[in-house]
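Secondary and tertiary structure notes
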Amino acid sequence: MNIKDKWNLKHLDRITHLKEPQPNPRLKKLASYFKEGGTALDIACGLGGNSLFLAGMNNQVEAIDISDVAINYVQEQAAKDNLSVQPRVTDLTDLDTLNWPNNPFDFIVMSYYLDRSLFPIVKNVLKDGGYFFMETYYQSPYIEEQEQGVSDQYKLKSNELLAEFGDWKVLYFEENEQEGWQSIFCQKR
């Protein structure tokens, strides 16, 4: 099974059990930083909880994901709520398809997706003074690889996001060892 089919099946299953897509709880707590009328990019948006949340704050959101099932769902939800979300099917492993002009986004969100080759792209397409939020699994000493169902190659190392974005203004950082996630919210200088 190819990666697109895998994610389409996962998202179909999630849609049948989903009442409404929810934003990441830490992103939601940082909402005061997201001024209205900005431009946002949600990388690997899934069913669009973060995209719809940011659009609900009067931001224009570009939501990208490999799953056409997820993108169609986000499109339906955005239309239903009259939100400014432009969802698009995108294979994030094909960097040639990610052809944005320099600095078009005020906010970039990447939640539970890790491809380190995207870090330079994030740094290039975020405006100076713009905000980046990322949260994903990390290699917690308290959680075995099989417990999360995620290979260590798709997990951050301890403090990896701090090392990668340490030259930016870090407003929030947390490694939750018990739950096995790492989160950063930072501002590009």
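First things first, this report covers the structure right here in the doc. (Residues numbered from 1 in each chain as written. Predicted model: local features only at pLDDT ≥ 70, side-chain atom pairs only at ≥ 80, totals over all residues. Heavy atoms only, no water.)

Describing the overall build of the protein chain
Scanning the protein chain for helices and strands turns up 7 helices and 7 strands. Helices and strands appear in the protein chain in the N-to-C order α-α-β-α-β-α-β-β-α-β-α-α-β-β. Taken over the C-alpha trace, the protein chain has a radius of gyration of 16 Å; the compact-globule value for 189 residues is 16 Å, and the two agree within 12%. Overall, the protein chain is about 45 × 40 × 35 Å in size when its C-alpha atoms are taken along their principal axes. Counting over 189 residues, the protein chain shows a buried share of 49%. Within the protein chain, residue pairs in contact and separated by at least 24 positions form 56% of the contacts whose partners lie at least 6 positions apart. Approximately 9,700 Å² of the protein chain is accessible, and the part contributed by carbon and sulfur atoms is 47%. The protein chain carries 19 positive and 28 negative side-chain charges, and their two centres are separated by 4 Å. (Helix = DSSP H or I, 4+ residues; strand = E, 2+ residues; numbered from the N terminus. Rg over C-alpha atoms; globule rule 2.2 N^0.38 Å. Buried < 20%, exposed > 50% of the residue type's maximum accessible area, 1.4 Å probe, protein only. Contact = heavy atoms within 4.5 Å. Areas by Shrake-Rupley, 256 points an atom, 1.4 Å probe, with all protein chains shown as cover. Lys, Arg positive; Asp, Glu negative; His and termini not counted. Charge placed at Lys NZ, Arg CZ, Asp CG, Glu CD.)

Observations concerning the side chain of serine 183
Locating serine 183 in the fold gives a position in strand β7 (residues 181-187). In terms of polar contacts, serine 183 uses its side chain to reach the side chain of glutamate 135, at 3.2 Å. Not counting residues up to four positions away in its chain, the partners in contact with serine 183 are Arg26, Phe133, Met134, Glu135, Leu161, Tyr172, Phe173 and Glu174. (Polar contact = N/O pair within 3.5 Å; in protein donor to acceptor, adjacent residues only side chain to side chain.)

Quick notes on the packing of aromatic side chains
Following the criterion strictly, the structure yields 9 aromatic pairs and no others. Between phenylalanine 165 and tryptophan 168 the ring centres are 5.1 Å apart and the planes differ by 65°, which places this aromatic pair in the edge-to-face class. Each member of the pair, phenylalanine 165 together with tryptophan 168, is buried. A network of ring pairs unites the aromatic residues Tyr33, Phe34, Phe107, Tyr131 and Phe185 as a single cluster. Positioned above the aromatic ring of tryptophan 7 is the side chain of lysine 10, whose terminal nitrogen or guanidinium carbon lies 4.7 Å from the ring centre. (Phe/Tyr/Trp six-rings, centres within 6.5 Å; stacked < 30°, edge-to-face > 60°. Lys NZ or Arg CZ within 6 Å of the ring centre and 35° of its normal.)

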